[in-house]
Amino acid sequence: MLQSCEKKGLHAHHPRDCLFYLRDFDVKELQDFLTKKQEQFDVEPPKEQVKAAKKKQRMLKRAEAAGEGGQEVKEEDSDEDGQL
């Protein structure tokens, strides 16, 4: 490790540095790397992101069911789990 990198945490460099290739690792390899380095990380996306994705999926399903004929899709309220 370069002396200038000791306190920077996880970061990447020019291709000549092996950390550049972190982008090519599988998720499991990256998680193992972070665990080995005793870095904390989240494995679940934020709840707001999950809720927004579920809402978008419901809207797309309704649009497909409507035949994609330009019919307006009405949004409905949902509970915490994204269920109608």
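Look up: the structure comes first, before these words.
On a predicted model such as this, the values are computed, not experimentally measured, just so you know.

Q: Give a description of the overall build of the chain that names residues and reports values.
A: Assigned secondary structure in the chain consists of two helices and zero strands. The contacts in the chain between residues at least 6 apart in sequence include a share of 15% that link residues at least 24 apart. Accessible surface, the chain as shown: approximately 7,900 Å² in total, 49% of it carbon and sulfur.

Q: Any chance you could break down the pattern of salt bridges for me, citing the residues and the numbers?
A: Counted under the stated rule, the structure contains one salt bridge. For the salt bridge of Asp32 with Lys28, the shortest nitrogen-to-oxygen distance reads 3.0 Å. Separated by four residues within a single helix, Asp32 and Lys28 lie in helix α1 (residues 27–36), roughly one turn from each other. Judged by its relative accessible area of 40%, Asp32 falls in the partly exposed class. Lys28 gets classed as exposed once you look at its relative accessible area, which sits at 52%.

Q: Before we move on, can you summarise helix α2 (residues 47–65) with the specific residues and values?
A: An α-helix turns once per 3.6 residues; consequently, residues spaced three or four apart project the same way. With 19 residues, α2 extends 27 Å between its outermost C-alpha atoms, agreeing within 8% with the 27 Å of an ideal straight helix rising 1.5 Å per residue. Where α2 ends, the next residue or the one after it, Gly67, has phi of about 85 degrees, a positive value.

Conventions we followed
Residues numbered from 1 in each chain as written. Predicted model: local features only at pLDDT ≥ 70, side-chain atom pairs only at ≥ 80, totals over all residues. Heavy atoms only, no water. Helix = DSSP H or I, 4+ residues; strand = E, 2+ residues; numbered from the N terminus. Contact = heavy atoms within 4.5 Å. Areas by Shrake-Rupley, 256 points an atom, 1.4 Å probe, with all protein chains shown as cover. Salt bridge = Lys/Arg side-chain N within 4 Å of Asp/Glu carboxyl O. Buried < 20%, exposed > 50% of the residue type's maximum accessible area, 1.4 Å probe, protein only. Expected span 1.5 Å × (residues − 1).

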